[in-house]
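Each chain, letter by letter, is given below.
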Amino acid sequence: MPEQPARRAAPRLEPPRLDWPDRDPDRVVLIDEDGAAERRPAGELPKPELIEIARHGDGAGLLLWADNHFGLDWLLRRGTTVDLIYTDPPFNTGRRFEHYDDRLEVGLYLSLLETRLVQMRDLLSARGTLVIHLDDRVVHHVRLLLDELFGPENFRNSVVVKRITKNLQHQFQQVQALPVAHDLMLVYSRDPSRRYPKPLVPKPNGPAHPEGYWKDFWSTADRPTMRYELLGITPAKGQWKWRRSRAEQAVANYLEFTASGHDRLLDWWRRDETREFVRRRGEKVYHWVPPSDTRFADTLWDEFCAYSFRRDFPTEKSEPLLERVIRLYSEPGDTVLDPFAGSGTTGAMAARLGRRWVLIERGEQALTHIAPRPAEAGAGYRLCRAQGELGTLAAR
Ligand SMILES: C[S@@+](CC[C@H](N)C(=O)[O-])C[C@H]1O[C@@H](n2cnc3c(N)ncnc32)[C@H](O)[C@@H]1O
């Protein structure tokens with residue numbers, strides 16, 4: 001026999017690395033009051049203290065009115081850890097919004113983001129998760145950057161969320177590109193061993209079968225060990241869906257129901273929702289699927305818009321969006337951080353869902369938009385701002 005050539009191990013390729021002129025993670029990009037960018041060596045920056053300027057209720061939440069570099073640094077120096085970061089930085093749109101400027105050259109934008117992303121990573125607990133909300137303009141750059149900073153093995157998903165489209169192009173016979181109807185959220189874990197609870201989300205229109213329904217108990221998957229005799233039928237091919245003991249228990253459950261004199265299986269099931277039912281009709285066996293108002297979440301979130309227009313803040317994100325993010329990636333009692341807080345949707349929803357929260361915002365919207373929101377959710381909080389030389393950077 002001819003000799004098999006020795007198998008060579010596939011070379012381990014270094015993941016591609018994103019580079020841009022002036023990339024230097026040791027220098028921090030700061031934006032001054034006039035929107036001008038300044039790069040300062042991280043080691044030479046003073047460490048501003050944050051001073052409490054207001055306290056409401058139990059002070060469990062924390063709102064930092066500061067450039068997030070200083071806010072994140074302050075949290076790190078105090079040994080804080082957080083379990084979920086949802087963050088929605090400017091998207092590098094080249095626009096000047098009413099409450100903030102989003103007109104940095106792309107390299108500068110990435111430099112600003114890189115140092116903050118490193119700080120965010122270092123604040124995450126071992127079971128922590130980062131969800132960063134972006135759009136097509138920079139998401140490809142940021143994904144490469146996050147692969148480098150978190151490790152590609154920590155990438156979990158990119159999630160598509162719905163935005164409002166402006167159909168101004170209808171008037172033309174030719175278009176340059178399709179109108180953009182989505183944003184993207186990148187999800188990274190801090191540790192590859194992190195597992196999340198089953199991601200069940202509400203069905204927008206309630207259960208499709210309010211009474212439950214009977215479904216074929218036979219499947220085309222082909223395991224001979226699952227072709228046992230059940231209710232007088234032994235499949236010649238394919239298989240029963242469940243192992244024998246489970247199926248026989250479900251047959252017994254159905255017999256118990258028929259013997260009970262009740263006529264509505266749904267009511268019978270409600271007494272003990274762990275019970276399953278299997279029955280035969282004609283030459284087929286069926287199992288009963290109870291009504292469900294939840295479905296397994298996937299990466300297309302198009303049941304609601306990712307934006308809200310309630311607070312006179314142009315890039316306000318919607319409460320259903322934050323509710324889903326917070327429910328899927330954190331548990332009650334966890335701490336949720338948003339270092340680009342805007343109008344404060346993350347804090348408001350975190351408080352409403354029983355999570356602790358930390359928000360950082362450098363604009364005056366910290367006072368005008370964010371500060372009133374926790375009270376609406378019945379939550380107490382502390383409001384702090386950077387003091388000293390860098391205090392001016394914190395306030396516009
Ligand atoms: C897209 S908005 C966030 C919107 C927010 N998710 C909401 O629901 O309202 C981005 C925010 O990040 C803030 N921001 C930008 N650079 C910052 C920095 N270096 N430190 C703190 N906040 C910053 C802007 O002032 C702006 O309010």
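Peer 1: Outline the overall build of the protein chain, supporting the account with residue identities and numerical values.
Peer 2: The helix and strand inventory of the protein chain stands at ten helices and 21 strands. For 396 residues, the compact-globule estimate of 2.2 N^0.38 gives 21 Å, and the C-alpha radius of gyration of the protein chain, at 27 Å, exceeds that figure by more than 25%. Counting only contacts in the protein chain whose residues sit at least 6 apart along the sequence, the fraction spanning at least 24 positions is 69%. Looking at the protein chain as shown, the accessible area adds up to about 21,000 Å², and 51% of this sits on carbon and sulfur atoms. For the protein chain, the centre of its 59 positive side-chain charges and the centre of its 58 negative side-chain charges are spaced 6 Å apart.

Peer 1: Give a detailed account of the sheet that holds strand β21 (residues 381–386), specifying residues and quantitative values.
Peer 2: Sheets are built from strands paired through backbone hydrogen bonds, the pairs being either parallel or antiparallel. Taken together, ten strands build an open sheet; the order of strands is β3-β21-β4-β20-β19-β5-β8-β10-β9-β18 and the sheet is mixed. Edge strands, defined here as strands with exactly one partner in the open sheet, are β3 (50–56) and β18 (300–305). The sheet shows a mean angle of 20° between the axes of neighbouring strands, taken without regard to direction. Pairing between β3 and β21: six bridges, direction antiparallel. Residue pairing for β21: I51 is matched across the bridge by R385.

Peer 1: Could you give an account of the site of the ligand, naming the residues involved and the relevant values?
Peer 2: Close contacts around the ligand come from 21 residues, with N68, D88, S343, T345 and E361 the closest. Between the ligand and Q365, the relevant distance is 2.9 Å, taken from an oxygen atom to a side-chain nitrogen or oxygen of the residue. For the ligand, whose free accessible area comes to 600 Å², the fraction covered by protein is 98%. Its residues assigned to classes, the shell around the ligand comprises seven nonpolar, seven polar and seven charged.

Peer 1: Would you mind going over helix α2 (residues 106–123) in detail, with residue names and values included?
Peer 2: In this model, α2 (18 residues) spans 26 Å end to end at C-alpha, consistent with the 26 Å of a helix rising 1.5 Å per residue. Judged by how many residues are buried, α2 sits mostly within the fold: 15 of 18 residues are covered. N-cap assignment for α2: the residue whose side-chain oxygen lies 2.8 Å from the backbone N of G107 is E105.

Peer 1: Residues and numbers for the nonpolar core, please.
Peer 2: Among the nonpolar cores identified, the biggest contains 77 residues, and L117 and V142 are the most heavily contacted of them. Sorting elements by how many residues they give to this core places α2 first, with eight residues.

Peer 1: Describe the side chain of D183, naming the residues involved and giving the relevant values.
Peer 2: With respect to the helices, strands and loops of the structure, D183 is situated in strand β10 (residues 182–189). Of note is the side chain of D183, whose polar atom sits 2.8 Å from the side chain of H133. At a separation of 2.9 Å, a polar atom in the side chain of D183 contacts the side chain of R163. The contact partners of D183, leaving out residues within four places of it in the chain, are F91, H133, L134, D135, V159, V160, V161, R163 and Y307.

Peer 1: Residues and numbers for the sheet that holds strand β12 (residues 213–216), please.
Peer 2: Pairing is antiparallel across the open sheet formed by three strands, whose spatial order is β12-β16-β15. The open sheet is flanked by β12 and β15 (278–281), the only strands paired with a single partner. With strand direction ignored, the average angle separating the axes of adjacent strands in the sheet is 40°. Against the sheet, helix α4 (residues 244–260) touches β12 and β15, its axis set at about 75° to β15.

Peer 1: Hey, could you go over the pattern of salt bridges for me, with residue numbers and the actual values?
Peer 2: Overall, the coordinates contain 38 salt bridges when judged by the stated rule. Two residues, R327 and E323, come together in a salt bridge whose shortest N-O distance is 2.9 Å. Of this pair, R327 and E323 are both found in helix α6 (residues 319–329), four residues apart, which corresponds to roughly one turn of the helix. Residues participating in the shared-partner salt-bridge network are R17, D19, R23, E114 and E148.

Peer 1: If you had to explain the side chain of Q119 to someone new, which residues and values would you point to?
Peer 2: Here Q119 lies in helix α2. Not counting residues up to four positions away in its chain, the partners in contact with Q119 are N68, H69, L72, D73 and L76.

Peer 1: Talk me through the packing of aromatic side chains; I want residue IDs and the actual numbers.
Peer 2: This structure, assessed with the given rule, holds 13 aromatic pairs. Ring geometry for F97 against Y100: centres 5.1 Å apart, planes inclined by 40°, an arrangement best described as tilted. In terms of burial, F97 and Y100 fall into one category: buried. Relative to F313, the ring of Y100 lies with its centre 6.1 Å away and its plane at 25°, an arrangement referred to as stacked. A residue pair is termed long-range when its members are at least 10 positions apart, and Y100 in the loop between β6 (95–96) and β7 (101–102) and F313 in the loop between β18 and α6 qualify at 213 residues. Both residues of the pair, Y100 and F313, belong to the buried class. A cation sits over an aromatic face here: R246 above W242, 4.0 Å from the ring centre. Here the guanidinium or amino end of R385 rests over the ring plane of W65, the centre of that ring lying 4.5 Å away.

Calculation rules
Residues numbered from 1 in each chain as written. Predicted model: local features only at pLDDT ≥ 70, side-chain atom pairs only at ≥ 80, totals over all residues. Heavy atoms only, no water. Helix = DSSP H or I, 4+ residues; strand = E, 2+ residues; numbered from the N terminus. Rg over C-alpha atoms; globule rule 2.2 N^0.38 Å. Contact = heavy atoms within 4.5 Å. Areas by Shrake-Rupley, 256 points an atom, 1.4 Å probe, with all protein chains shown as cover. Lys, Arg positive; Asp, Glu negative; His and termini not counted. Charge placed at Lys NZ, Arg CZ, Asp CG, Glu CD. Pairing = 2+ DSSP bridges. Axes fitted to C-alpha atoms, helices over the stretch in contact; angles between N-to-C directions. Near = heavy atom within 4 Å. Polar contact = N/O pair within 3.5 Å; in protein donor to acceptor, adjacent residues only side chain to side chain. Nonpolar A, V, L, I, M, F, W, Y, C, P; charged D, E, K, R; others polar. Expected span 1.5 Å × (residues − 1). Buried < 20%, exposed > 50% of the residue type's maximum accessible area, 1.4 Å probe, protein only. Core = buried A, V, L, I, M, F, W, Y, C linked by side-chain atoms within 4.5 Å. Salt bridge = Lys/Arg side-chain N within 4 Å of Asp/Glu carboxyl O. Phe/Tyr/Trp six-rings, centres within 6.5 Å; stacked < 30°, edge-to-face > 60°. Lys NZ or Arg CZ within 6 Å of the ring centre and 35° of its normal.

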